[in-house]
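Take a look at the letters that make up each chain.
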Amino acid sequence: MEKGLTQERLAEKTELSLTAIQKVEAGQGGIRLETLIRIAAALGISLDILMDIGVKGEQYGIWQEEVCLLFQDKTASEVKFAVAVMDSIFRYKDEFLD
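Chemist: Lay out helix 1 (residues 7–14) in plain terms, naming residues and giving numbers.
Modeler: For the α-helix, the turn length of 3.6 residues means that residues three or four positions removed from each other point alike. Within helix 1 the residues assigned to the buried category are L10, A11 and T14. For helix 1, the arc enclosing every buried residue in end-on projection is 105 degrees, short of the 170-degree limit, so these residues lie on one face. Tucked inside the fold, the buried residues of helix 1 contact helix 2 (18–26) and helix 3 (33–43). Just beyond helix 1, the residue with positive phi is E15, at close to 60 degrees.

This is how it looks when you write it as structure tokens:
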């Protein structure tokens, strides 16, 4: 509402279904990270603001803003690809990092 968007317009901007947008707004579980990233990017806000979880320190907030800006002009397919790559990296990090 603060951004002047209807659920329908936000769905268009994020290339998500209206149902997905309604699910997020209702706070229902099972929401994918990719969905949250798309919404945050479309709104030009960080994930912590979208999720109302507060910032875990200034540096954390800065990195979230960077991620939002990175995805801002990307297509849904590009966001999906990037999230899959990041997920793979974090899944295997323990094998390579001490």
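Chemist: Residue-level account of the nonpolar core, with values.
Modeler: Among soluble globular proteins, nonpolar side chains are generally buried collectively. The biggest cluster of nonpolar side chains holds 19 residues, and the ones touching the most others in it are L10, I21, I37, I39 and F71. Listed by contribution, the elements that provide at least two residues to this core are helix 1, helix 2, helix 3, helix 5 (58–71) and helix 6 (76–96). No other element matches helix 3, which puts 7 residues into this core. Contact partners of L10, with chain neighbours within four places excluded, come to L5, I21, I39, A42 and L43.

Analysis parameters
- Residues numbered from 1 in each chain as written.
- Predicted model: local features only at pLDDT ≥ 70, side-chain atom pairs only at ≥ 80, totals over all residues.
- Heavy atoms only, no water.
- Buried < 20%, exposed > 50% of the residue type's maximum accessible area, 1.4 Å probe, protein only.
- Helix = DSSP H or I, 4+ residues; strand = E, 2+ residues; numbered from the N terminus.
- Arc of directions from axis to C-beta.
- Contact = heavy atoms within 4.5 Å.
- Core = buried A, V, L, I, M, F, W, Y, C linked by side-chain atoms within 4.5 Å.

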